[in-house]
Amino acid sequence: MLSLFGQGYEQIIMFSVFFFSISVSQASVVVGGTRVIFDGTKKTTTVSVQNKDNVTNIVQSWLAIVDETSPAKDSFITTPPLFRLKAGEKGFVRILRTGKPMPEDRESMLWLNIKGIPETDDVSDKNIVQFAINSRIKLIYRPAALKNAIPEEFAQKLQWSNDGRAIKVKNDSPLYMNFSEIFINGKAVPEAWFVAPYSTIRIPVANASPAGKKEITWSVINDYGMSGPKYKAIIQ
């Protein structure tokens, strides 16, 4: 399942400069979603890409680990890993399982990277600032045993606790909890946070008193990239 809206979408910009006269070329390869939910009952899924640039782009795709809870990045492959996409054209990147063992009692997550690199003509007499934009989205493998599970089913069951100038959140569910928002006493917590299945994370709280009551408000992102219902908890 591929979400079409929401958070979890990151872009990394790299550029190179050639001297003489100046022109600018910026890649605009757009990925058709902010996350991919890989159905564990299947062997493959696809992600759409569209070249909204006015020049042909070379599209490159690869996988990367998120953290120590991620499976080996060669548990999946992307194909084609490199291909040309003409201006205005749409294409697809396929993601396939390689057959390596995966946890079947919980979700696993990797980063899916898709980068568009604009093709250029001979630039020996021009100054070009060329941007290659890497779109990074979450690839979440949901095993067959959890086919019908959804994040909203477990979001309210997250356990919050005080930890000095931080808060802890414990996820006892088999799914990743990707937060749409977290508020502490009405103040938004910066950055995008997630907590892996059966794990606990510690979130620093700037300018917070180590003692006293805290009201936590949170919501998680569903399979379609949308923010789910808001929940509240009071911790001491």
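Residues numbered from 1 in each chain as written. Predicted model: local features only at pLDDT ≥ 70, side-chain atom pairs only at ≥ 80, totals over all residues. Heavy atoms only, no water.

Remarks on unusual backbone geometry
1) Next: Residue Pro-80 follows Thr-79 across a cis peptide bond; omega there is -10°.
2) Next: By the secondary structure assignment, Pro-80 is in the loop between strand 8 (76-79) and strand 9 (82-85).
3) Next: Positive phi values are uncommon outside glycine, yet Asn-185 reaches one of about 50°.
4) Next: Of note, Glu-191 is a non-glycine position whose phi angle comes to about 75°, a positive value.
5) Next: Position of Glu-191 among the secondary structure elements: in the loop between strand 16 (187-188) and strand 17 (194-195).
6) Next: You can call Glu-191 exposed: its relative accessible area is 67%. (Helix = DSSP H or I, 4+ residues; strand = E, 2+ residues; numbered from the N terminus. Buried < 20%, exposed > 50% of the residue type's maximum accessible area, 1.4 Å probe, protein only.)

Examining the pattern of salt bridges
1) Next: Summed over the entire model, instances satisfying the criterion amount to nine salt bridges.
2) Next: Close ionic contact of Glu-107 with Arg-142 constitutes a salt bridge, the shortest N to O distance being 2.6 Å. Of this pair, Glu-107 sits in the loop between strand 10 (90-97) and strand 11 (108-118) while Arg-142 sits in strand 12 (residues 126-142), placing them 35 residues apart in sequence. The residues Glu-107 and Arg-142 share a single accessibility class, namely buried.
3) Next: Taking the shortest distance from any N to any O, the salt bridge between Glu-181 and Lys-230 comes out at 3.3 Å. Taken as a pair, Glu-181 in strand 15 (residues 177-184) and Lys-230 in the loop between strand 19 (214-220) and strand 20 (231-235) lie far apart in primary sequence, 49 residues in all.
4) Next: In this structure Lys-230 comes out as exposed when scored by relative accessible area, which is 58%.
5) Next: Residues joined by salt bridges that share partners form a network here, namely Glu-107, Arg-142 and Asp-223. (Salt bridge = Lys/Arg side-chain N within 4 Å of Asp/Glu carboxyl O.)

Quick notes on the packing of aromatic side chains
1) Next: Overall, the coordinates contain seven aromatic pairs when judged by the stated rule.
2) Next: The interplanar angle of 40° and the centroid separation of 5.9 Å between the aromatic rings of Trp-218 and Tyr-231 together place this pair among those described as tilted. Of this pair, Trp-218 sits in strand 19 while Tyr-231 sits in strand 20; the two residues are 13 residues apart in sequence, bridging distant segments of the chain. We note that Trp-218, like Tyr-231, is buried.
3) Next: Put simply, the rings of Trp-160, Phe-179, Trp-218 and Tyr-231 touch in pairs and so form one group of aromatic residues. (Phe/Tyr/Trp six-rings, centres within 6.5 Å; stacked < 30°, edge-to-face > 60°.)

A look at the sheet that holds strand 14 (residues 166-171)
1) Next: Taking strand neighbours across the sheet as the criterion, the three strands line up as 13-14-18 in an open arrangement whose pairing is antiparallel. Edge strands, defined here as strands with exactly one partner in the open sheet, are strand 13 (159-162) and strand 18 (199-204). Strand-to-strand twist in this sheet, taken as the mean axis angle between neighbours without regard to direction, amounts to 20°.
2) Next: Across four bridges, the pairing between strand 13 and strand 14 is antiparallel. Following the sheet pairing, Asn-162 is matched in strand 14 by Ile-167. (Pairing = 2+ DSSP bridges. Axes fitted to C-alpha atoms, helices over the stretch in contact; angles between N-to-C directions.)

Note that every value here comes from positions in space, so none of it alone points to a role or purpose.
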